[in-house]
Amino acid sequence: MRLALLIALTIALTPAARAAETPYPAVQLLEAFRDGCGLIENQTAATTSLTAAGWRTVAASEEKGALGEFLAFSRKAGAEAAALEGAEIGKIEAFEKTVAGEHVYIILDEVRAEGARVSGCQLYDFGESRILAPETGAKWLKREPTAVVERPEIQTVEWIPGILPDHDSFKIFFVPSASPVTQMLRFSGVVLKSDTTGVE
């Protein structure tokens, strides 16, 4: 009896069990993302916005683990795509912050071509197993999503326009750790993504 009780307590105290029991702090993360990624008309403005909101720049020497793998893949893939399209890709840089107990990252990117600019701001909660449900995003934004795709390997939810009126779109992604999509995207977990387009 004592052994069975000890085993049950050990399982209950594992990180995975605690994560399953603890609600995902979706609203806090959405608010932190909005505050950090509000001004993304260009990468310079986005960096200023993030710093003011308490996000810390991740130095190149600190790009390790899931973040480092994803950044290396993104930079290589971005450079190859830009070369094919005759576009110019800006610096891909990362910021970090702990929000409601979740250590998360924001990654900025920018592409310029033929006088046009696309600026992106994404929050990554690498390896997160709890989903950010579409209805949670809809309640927070106070409007239904434009499109929802729910598959075992990936969930995507999109709002057009985005969080703010000048944002083209806002998306929520969830990729389970066992999904085959991780081989292509180089991440699993929860992602929040906003984009803007403009003229250089």
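Rules and cut-offs
Residues numbered from 1 in each chain as written. Predicted model: local features only at pLDDT ≥ 70, side-chain atom pairs only at ≥ 80, totals over all residues. Heavy atoms only, no water. Helix = DSSP H or I, 4+ residues; strand = E, 2+ residues; numbered from the N terminus. Contact = heavy atoms within 4.5 Å. Areas by Shrake-Rupley, 256 points an atom, 1.4 Å probe, with all protein chains shown as cover. Salt bridge = Lys/Arg side-chain N within 4 Å of Asp/Glu carboxyl O. Buried < 20%, exposed > 50% of the residue type's maximum accessible area, 1.4 Å probe, protein only. pLDDT = per-residue confidence, 0-100. Arc of directions from axis to C-beta.

Enquirer: Account for the overall build of the chain, naming residues and giving values.
Expert: Along its length, the chain carries seven helices and nine strands. Pairs at least 24 apart in sequence give 53% of the contacts found in the chain among residues at least 6 apart. Element-wise, carbon and sulfur atoms account for 60% of the exposed surface of the chain, whose accessible area totals about 10,900 Å².

Enquirer: How would you explain the pattern of salt bridges if you had to name every residue and give the values?
Expert: If you walk through the whole model with that rule in mind, you get 10 salt bridges. A salt bridge links Glu62 to Arg56; its shortest N-O distance comes to 3.1 Å. Judged by relative accessible area, which is 35%, Glu62 ranks as partly exposed. The exposure class of Arg56 is partly exposed, given its relative accessible area of 39%. Sharing partners across several salt bridges, the network here consists of Arg56, Glu62 and Glu96.

Enquirer: Provide a residue-level description of the confidence of the model for the chain, including the pertinent values.
Expert: When pLDDT is averaged along the chain, the result is 86, and 89% of the positions lie at 70 or above. In the predicted structure, residues 1–19 sits below a pLDDT of 50 and forms five contacts with residues beyond four places in sequence or in another chain.

Enquirer: Which residues make up unusual backbone geometry, and what are the values?
Expert: Pro161 follows Ile160 through a cis peptide bond whose omega is 0°. By the element assignment, Pro161 lies in the loop between β7 (155–159) and β8 (169–175). Although it is not a glycine, Ala100 adopts a positive phi angle of roughly 50°. As for its position among the elements, Ala100 is in the loop between β3 (93–99) and β4 (102–113).

Enquirer: Give me the lowdown on helix α3 (residues 26–36), citing residues and values where you can.
Expert: Every α-helix winds through 3.6 residues per turn, so residues three or four apart in the chain are directed the same way. What α3 keeps buried is the set Ala26, Leu29, Leu30, Ala32, Phe33 and Gly36. For α3, the angular spread of the buried residues around the axis is 165°, confining them to a single face.

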